[in-house]
Amino acid sequence: MNIKKTLRWSLVGELALLTLVVAIVVFFAFVPVKVDLGSQRALVESAASGYLNRPVRIEGGFNLSTSLWSAVEIVNLHIGNPEGFSGNDLLVMKQAKLSLGLLPLLQGKLHIRGISVDGLDVQLIKNSEEAGNWVFYPPENVAEKPEAEETAHPVSDPLKLTSDSLVIQSLEISRASVSYREPGSEQPVSFRLDRSSG
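Quick caveat, the model's predicted, so the values are computed rather than measured.

**Student:** I'm lost on the overall build of the protein chain in this one. Help?
**Tutor:** Along the backbone of the protein chain there are four helices and nine strands. The 198 residues of the protein chain split such that 24% are buried. Contacts spanning at least 24 positions in sequence make up 57% of the contacts within the protein chain whose residues lie at least 6 apart. Accessible surface, the protein chain as shown: approximately 14400 Å² in total, 62% of it carbon and sulfur.

Written as structure tokens, this is what we have:
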């Protein structure tokens, strides 16, 4: 009798634990939980600056919302000009948000529910050497791999590109401007977009 009672309580305890785990997984899958990534801002800025070979700053919020459709939000992103260029930043973005599906990502597909950008300012400049500030070169510390090394380890199962490999459901851009300036020009050529969505 004692063994039956112990076995029954053990089974009830295991079912309760399993129910709790399933409830937690369902909660985090369907209810977005906002995580402030402000403490990681310096790390992200440093990595992006090194990769882009120009200064990158995030002067506002930097948040992640977790769920099956996770979202990243960045406020006041600045990408500076590379060496040899004067003036303001190459790019200033007041607010950007990207919502990304996690389940398709596990299948090697990029499904984006939405991209929204507000307050985008891009300043394209050519310097006296006719180089553009919009040209990105790979970081100097990344050496090119020799061809022999690439063929020595062939990829056994490359990802296949299908019609749903990249899906963007919604794109919204508001208050965007692009200007272009050459050496010797008094006024830049400018383009302004108040709002566009699709």
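**Student:** Can you help me understand helix H2 (residues 41-52) in this one?
**Tutor:** Residues spaced three or four apart along an α-helix point in a common direction, a consequence of the helix completing one turn every 3.6 residues. Taking 1.5 Å as the rise per residue, H2 with 12 residues should run 16 Å; its terminal C-alpha atoms sit 16 Å apart, in good agreement. Asn53 sits one or two residues past H2 and shows a positive phi near 60 degrees.

**Student:** Help me out: how do you make sense of the pattern of salt bridges in this one?
**Tutor:** Think of it this way: side chains of opposite charge can pair up when their charged atoms draw near. Under the definition given, this model contains seven salt bridges. A salt bridge links Glu130 to Lys126; the nearest nitrogen and oxygen atoms lie 3.7 Å apart. We classify Lys126 as partly exposed; its relative accessible area is 23%. If you follow the salt bridges from partner to partner, you end up with Arg57, Glu59 and Asp89 in one network.

**Student:** Help me understand the environment of Leu193, please; the structure alone is not making it clear to me.
**Tutor:** Within the fold, Leu193 resides in strand S9 (residues 189-197). Overall, Leu193 belongs to the partly exposed group, its relative accessible area being 24%. A C-alpha to C-alpha distance of 9.5 Å links Leu193 and Leu120, two positions 73 residues apart in sequence. Every residue in contact with Leu193, bar those within four places of it in the chain, is listed here: Ile173, Ser174, Arg175 and Ala176.

**Student:** What is the right way to look at the side chain of Ser65 in this model?
**Tutor:** Mapped onto the secondary structure, Ser65 falls in strand S3 (residues 62-66). Leave out the neighbours within four places in its chain, and Ser65 touches Pro32, Val33, Lys34, Ser70 and Ala71.

**Student:** Looking at this structure, I do not really get the packing of aromatic side chains. What am I missing?
**Tutor:** The geometry of an aromatic ring pair comes down to the distance between the two centres and the angle between the two planes. The tally for this structure, following the rule as stated, stands at one aromatic pair. Look at Trp134 and Tyr180: their rings are 6.0 Å apart centre to centre, the planes differ by 55 degrees, and that puts the pair in the tilted class. Here Tyr180 lies in strand S8 (residues 171-181) and Trp134 lies in the loop between strand S6 (110-125) and helix H4 (147-152), a separation of 46 residues in the sequence. Taking relative accessible area as the criterion, Tyr180 reaches 26% and is therefore assigned partly exposed. When the ring centre of Phe136 is taken as origin, the NZ or CZ atom of Arg54, which lies over that ring, is 4.0 Å away.

**Student:** What exactly am I supposed to notice about the nonpolar core here?
**Tutor:** Nonpolar side chains in soluble globular proteins tend to end up buried together. One finds Leu77, Ile79, Leu91, Met93, Val117 and Leu120 to be the most contacted residues of the largest nonpolar core, which totals 13 residues. Elements with a contribution of two residues or more to this core: strand S2 (56-58), strand S4 (69-79), strand S5 (91-101) and S6. Other than its neighbours up to four places away in sequence, Ile79 contacts Leu52, Arg54, Pro55, Val56, Asp89, Leu90 and Leu91.

**Student:** Teacher, can you tell me more about the pairing of S3 here?
**Tutor:** Within a regular strand, side chains alternate between the sheet's two faces. Note that strand S1 (residues 33-36) and S3 share four bridges and pair antiparallel. When the bridges of S3 are listed, Lys34 appears paired with Ser65. Note that S3 and S4 share four bridges and pair antiparallel. Pairing of Asn63 across the sheet is with Glu73, part of S4. Hairpin remark: S3 followed by S4, antiparallel, with two residues in the connecting loop.

**Student:** Looking at this structure, I do not really get unusual backbone geometry. What am I missing?
**Tutor:** A negative phi holds for most residues other than glycine; trans holds for most peptide bonds. Although it is not a glycine, Asn53 sits at a positive phi angle of roughly 60 degrees. Residue placement: Asn53 occurs in the loop between H2 and S2.

**Student:** Could you clarify how one ought to interpret the environment of Ser67 in this entry?
**Tutor:** Mapping Ser67 onto the fold places it in the loop between S3 and S4. Spatially, the C-alpha atom of Ser67 lies 9.7 Å from that of Val25, the residues being 42 residues apart in sequence. Ignoring any residue separated from it by four or fewer positions in sequence, one finds Ser67 in contact with Phe28, Ala29, Val31, Pro32 and Leu102. Polar contacts involving the side chain of Ser67 include one to the main-chain carbonyl oxygen of Trp69, which spans 2.9 Å.

Cut-off values and rules
- Residues numbered from 1 in each chain as written.
- Predicted model: local features only at pLDDT ≥ 70, side-chain atom pairs only at ≥ 80, totals over all residues.
- Heavy atoms only, no water.
- Helix = DSSP H or I, 4+ residues; strand = E, 2+ residues; numbered from the N terminus.
- Buried < 20%, exposed > 50% of the residue type's maximum accessible area, 1.4 Å probe, protein only.
- Contact = heavy atoms within 4.5 Å.
- Areas by Shrake-Rupley, 256 points an atom, 1.4 Å probe, with all protein chains shown as cover.
- Expected span 1.5 Å × (residues − 1).
- Salt bridge = Lys/Arg side-chain N within 4 Å of Asp/Glu carboxyl O.
- Phe/Tyr/Trp six-rings, centres within 6.5 Å; stacked < 30°, edge-to-face > 60°.
- Lys NZ or Arg CZ within 6 Å of the ring centre and 35° of its normal.
- Core = buried A, V, L, I, M, F, W, Y, C linked by side-chain atoms within 4.5 Å.
- Pairing = 2+ DSSP bridges.
- Polar contact = N/O pair within 3.5 Å; in protein donor to acceptor, adjacent residues only side chain to side chain.

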